Amino acid sequence: MNDSEFIRRCGCCCNSCNNCGTNISVSILRGNMGPRGATGPQGPIGQTGPTGPTGATGANGATGPMGAAGATGPTGITGPTGATGATGATGSAGPTGATGPTGITGPTGATGPTGATGPTGATGPTGATGATGPAGSDGADGADGAAGSTGATGSAATLRVGTVSTGEPGTDATVTNTGSENDAIFDFVIPRGADGKGTDPSVLTAYSDAAQTSAANTALKFANNSVIFGNAISHIPASANFVIAEPGVYLLTFHGSLKAEKNAAPSEQQATAAQDFALNATKDGTAIAGSTILVSLSSGQTKSVAFTTSFNAQNGNVIQIVPKQSNVVFTNISATIVRLTDE
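Residues numbered from 1 in each chain as written. Predicted model: local features only at pLDDT ≥ 70, side-chain atom pairs only at ≥ 80, totals over all residues. Heavy atoms only, no water.

(A) Seen up close, the environment of Ala335. In this structure, Ala335 sits in strand E15 (residues 328-341). A relative accessible area of 1% means that Ala335 is categorised as buried. Residues Ala335 and Phe242, spaced 93 residues apart in sequence, show a C-alpha to C-alpha distance of 9.6 Å. (Helix = DSSP H or I, 4+ residues; strand = E, 2+ residues; numbered from the N terminus. Buried < 20%, exposed > 50% of the residue type's maximum accessible area, 1.4 Å probe, protein only.)

(B) Inspection of unusual backbone geometry at higher detail. Non-glycine residue Asp284 carries a positive phi angle of around 55 degrees. Position of Asp284 relative to the elements: it lies in the loop between strand E10 (275-283) and strand E11 (286-287). One non-glycine residue, Asn327, adopts positive backbone phi at about 65 degrees. Structurally, Asn327 is set in the loop between strand E14 (318-323) and E15.

(C) Region of the structure containing the packing of aromatic side chains. What the rule picks out here adds up to three aromatic pairs. Considering the side-chain rings of Phe222 and Phe242, the 5.4 Å spacing of their centres and the 70 degrees angle between planes classify their relative orientation as edge-to-face. On the criterion of sequence distance, the pair formed by Phe222 in the loop between strand E5 (212-213) and strand E6 (224-229) and Phe242 in strand E8 (residues 242-244) is long-range, its members being 20 residues apart. Exposure class is identical for Phe222 and Phe242. Each is buried. (Phe/Tyr/Trp six-rings, centres within 6.5 Å; stacked < 30°, edge-to-face > 60°.)

(D) Molecular detail of the side chain of Thr336. Summarising the element assignment, Thr336 is placed in strand E15. For Thr336, a relative accessible area of 1% puts it in the buried group. Polar contacts involving the side chain of Thr336 include one to the side chain of Thr205, which spans 2.8 Å. Not counting the four nearest positions on each side in its chain, Thr336 is found in contact with Phe188, Val203, Leu204, Thr205, Leu251, Leu252 and Thr253. (Polar contact = N/O pair within 3.5 Å; in protein donor to acceptor, adjacent residues only side chain to side chain. Contact = heavy atoms within 4.5 Å.)

(E) Layout of the pairing of strand E9 (residues 248-260). Taking burial as the measure, the 13 residues of E9 include eleven buried ones, the bulk of the element. Both E9 and strand E13 (residues 302-313) contribute to a ladder of twelve bridges, which runs antiparallel. If you follow Tyr250 over to E13, its bridge partner there is Phe311. Inspection of the sheet shows E9 paired to E15 by eleven bridges, in the antiparallel sense. Bridge pairing in E15 places Thr253 opposite Thr336. (Pairing = 2+ DSSP bridges.)

In structure tokens form, the structure reads like this:
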């Protein structure tokens, strides 16, 4: 009998023996536990109790492997366009793309109005001088200009042969003017030939004091001979030709005065400007190297000229002094030819 069962049998209304004043001494002896009886049948399930408070969230478990993608669902209806957002900051410039093909040229637009003239730029450097163009044809002669006043009379130039001496074999021949430009005196030193060859020097000087007016490319004439030494050179007075009679090396010296006549210039427009006049020595019609003289003269101006050159000659060659222009007056001219040696 358990404790509850004992109280019921006592009949105490307060279920406590201490209230009735009766001292009851009860001794309950517990026997050994008997064997467990068989499990009785399960009783009916009781009513579900109220839900307890939510427990704390547990730690996230490891992410499981991604499952296979499901089939794409149908595209939903496009929603309304949202309000435009604020413009974002400009990003850095990307690399320049490749140049696209040139488009078709459009039609030319109408010419715009002419703009205002800009300021004049600085003068650029002078370009290289271009090639000289071909000479133009001579213009028609203009009317004669008024005659200029007569200039002062100049002193006439003269030429004389001074001394002719023999130098040693192998030395150079020399011609020295011991006078002045207007009164020339030429001293000649002619080297003696080597012994045993029998070569003797020859000298011929011809002159003309009177004025003679040139014709273009026509030889001057020499009125007189003053010195003739040897037989290698000959000249007939009043002729233009000096004839070589022996082969050899020769020296030629010329001296004279020339004056440009009025209207000697190529055209009247140039009559008062200085013009170039030339002359040279020729051998059988061909200019001898080193003999050309170029003189710049204004109309009516007088100048003295001279040259010395050497040349090789053969028997029968003809030497002449030839002006290249017309209307130049030559006075007090003199030419000396010296045979120096055999070739």
